[in-house]
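Close look at the chain arrangement
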Amino acid sequence: MSSLQKSIMKNKLPPRVPRSSGIAKLAPFGSSRRKDYSPVSWKQYFDRCVDVETEAGTFRVYLSPEPDHPSRPRIFTLHGGGYSGLSWSLFTEEITNMIHCQVVSMDVRGHGETKVKDPDDLSIETLVRDVEQVIQKLYDEEPPPIILLGHSMGGAIAVRAAHSPVIEQYIHGIAVIDVVEGTAMESLASMQGFLRGRPTHFKSIEHAIEWCIRSGQVRNLESAKVSMPSQILNVQTGKLAINEVETYKKEDAPRAPEPTRHGPHANCITEESDEESDTSEASEAKLARTDSENEDIKLTRTNSTNSENEDNAKLARLDSTDSENEDTKLARLDSTSDDAEASNAKLPRSDSTEKDQSATFAVPNAVGDGASMKYKWRIELSRTEKHWEGWFGGLSSAFLHTRSPRLLLLASVDGLDRELTVGQMQGKFQMQVLTRCGHAVHEDTPGEVARVVASFILRHRLTTATENGELMNLVSAPGC
């Protein structure tokens, strides 16, 4: 078949679909409807909140509705470093629908709405004493059965609190989420680098929630909407962003613009594509490519009326030129994007197993360097480094020697250290590995975590299942 015949046949085909990588570079926020990142009030998940006064200060505690009987267990949740009690919002909704219980979610000192005299004192001894005093203040008389449930730093607090002579007799179970001494101690060396990769400020609450999802800190948008506002402060008022949620209007936060890669106040999101956002540049680019291809088709069909030899030569030159131009454009586009990406700070993922979802972010400058940066982090985690070893050192041994039943939930079985591996083989605790989630397991998969915890509580006969829980056959839920 001659070159002319091949060209004519090729031109009868529909225009080629542009390369996906090219679309991603042209439209970092996708080419369809933009996701809704507006915040959600914690009142949709908790019944009320109380500010508990202790000798150290005031601690914010969120509570689900009262259980059907005072003897029902209280699941006392402790969040990880940088999070807040609201990170348990979706979990609370799920587990109270499965079993008769009450969730009591506390803001640790230095986090959320808690206000204490010395917020920088985050030693494990001080954090355990805070838990003791909050429990004593909440229950003046003899406390009901308590299950301590902690994530990351909160897991370390829960394990130590379970050994406290003050409350040990009331602890009927302990559950720890994604914290193991061995892997925690190994990761401390790289923690400062991870924290430096985070943006220091955000333009709006929506921008903060969007960053939370795109960076992989939380993979569940519904959870990020309620938990992220409790992790950032309004720079001007000094108040937590949750105080603005109920009066928040979506139009108050401008739509995230095309990422700029210039200047100190670049939008914190600079590359990751959102499949449900709308960008006019993408539409224009598609139209431009379609018009260009249509012109090439018309030109080829017109030239096909000339002699075969001339057409062969012209089409060969045309195809060669078009191919070179297309390759040149794509190379230039990729080169430009690569140069831009190299200039941005990359944020490490909490779960390195899903590298395809990693994003690149530009880190805004320090406080006061730009009026558009309205929110900052509630706590500077880098300043807590002196306490890290105290949180996690000796954690595995302490977990194995608690007197109450023990449950360990992990995002990856690879995170199990030697001491816990031996203990698990000896049947000293129940273990469950949950997949398809990052470090914030209880936020990413709240339903699965609630099911495992509910089964653990039912197995030890600390409560009974609700009508919905009975239909779920919780007691026979798989465990390791």
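For the structure given in this document, a descriptive report is provided here. (Residues numbered from 1 in each chain as written. Predicted model: local features only at pLDDT ≥ 70, side-chain atom pairs only at ≥ 80, totals over all residues. Heavy atoms only, no water.)

Counting secondary structure elements, the protein chain contains 16 helices and 14 strands. The proportion of buried residues among the 480 residues of the protein chain is 52%. Once local pairs closer than 6 in sequence are excluded, the contacts in the protein chain between residues at least 24 apart make up 77%. Within the structure as shown, the protein chain displays about 22,700 Å² of accessible surface, and the carbon and sulfur contribution to it stands at 49%. (Helix = DSSP H or I, 4+ residues; strand = E, 2+ residues; numbered from the N terminus. Buried < 20%, exposed > 50% of the residue type's maximum accessible area, 1.4 Å probe, protein only. Contact = heavy atoms within 4.5 Å. Areas by Shrake-Rupley, 256 points an atom, 1.4 Å probe, with all protein chains shown as cover.)

Taken as a whole and judged by the stated rule, the model has 12 salt bridges. Linking Glu 66 and Arg 48 is a salt bridge whose minimum nitrogen-to-oxygen distance equals 3.1 Å. Linking Glu 66 in the loop between β2 (57-63) and β3 (74-78) with Arg 48 in strand β1 (residues 48-53), this pair joins segments that are 18 residues apart in sequence. With its nearest N and O atoms 3.5 Å apart, the salt bridge here joins Lys 115 to Glu 113. Residue Lys 115 is classed as exposed on the basis of its relative accessible area, which comes to 55%. Judged by relative accessible area, Glu 113 falls into the buried class, the value being 12%. Salt bridges here are not isolated pairs; linked through shared partners, they connect Arg 48, Glu 66 and Arg 74. (Salt bridge = Lys/Arg side-chain N within 4 Å of Asp/Glu carboxyl O.)

Quick look at the packing of aromatic side chains now. Under the counting rule described, the total for this entry stands at eight aromatic pairs. Between the aromatic rings of Phe 202 and Trp 211, the centroid separation amounts to 5.8 Å while the plane-to-plane angle is 55°, which identifies the pairing as tilted. Trp 211 matches Phe 202 in its accessibility class, with the two residues each being buried. Ring pairing ties together the aromatic residues Trp 42, Phe 46 and Tyr 62, which thus form one cluster. For the cation-ring pair, Arg 198 lies above Trp 377, with the distance from its terminal atom to the ring centre recorded as 3.9 Å. (Phe/Tyr/Trp six-rings, centres within 6.5 Å; stacked < 30°, edge-to-face > 60°. Lys NZ or Arg CZ within 6 Å of the ring centre and 35° of its normal.)

The next thing to look at is the environment of Val 159. Of note, Val 159 is situated in helix α5 (residues 153-161). Look at Val 159 and you get buried, because its relative accessible area is 0%. Sequence separation of Val 159 and Ala 398 is 239 residues, and the distance between their C-alpha atoms is 6.6 Å. For Val 159, the contacting residues outside a window of four places in its chain are Ile 174, Val 176, Leu 395, Ala 398, Phe 399 and Thr 402.

So, on to the packing of α5 against helix α11 (residues 385-392). Axis separation between α5 and α11 bottoms out at 9 Å; the angle between their running directions is 50°. In terms of orientation, α5 and α11 fall into the oblique class. Considering how the two elements wind past one another, α5 and α11 form a crossing that is left-handed. Touching Met 153, Ala 156 and Arg 160 of α5 are Gly 390, Trp 391 and Phe 392, all from α11. Its residues assigned to classes, the contact of α5 with α11 comprises four nonpolar, one polar and one charged. (Axes fitted to C-alpha atoms, helices over the stretch in contact; angles between N-to-C directions. Parallel < 35°, antiparallel > 145°, perpendicular 65-115°, else oblique. Left-handed = near helix turned anticlockwise from the far one by under 90°. Nonpolar A, V, L, I, M, F, W, Y, C, P; charged D, E, K, R; others polar.)

Summarising burial for α5: nine of the nine residues are buried, a large majority. For α5, every residue scored as buried is listed here: Met 153, Gly 154, Gly 155, Ala 156, Ile 157, Ala 158, Val 159, Arg 160 and Ala 161. Buried residues in α5 make contact with β3, α4 (124-138), β6 (146-151), β7 (171-177), α11 and α12 (395-400).

All quantities given are derived from atomic positions and should not be read as evidence of function.
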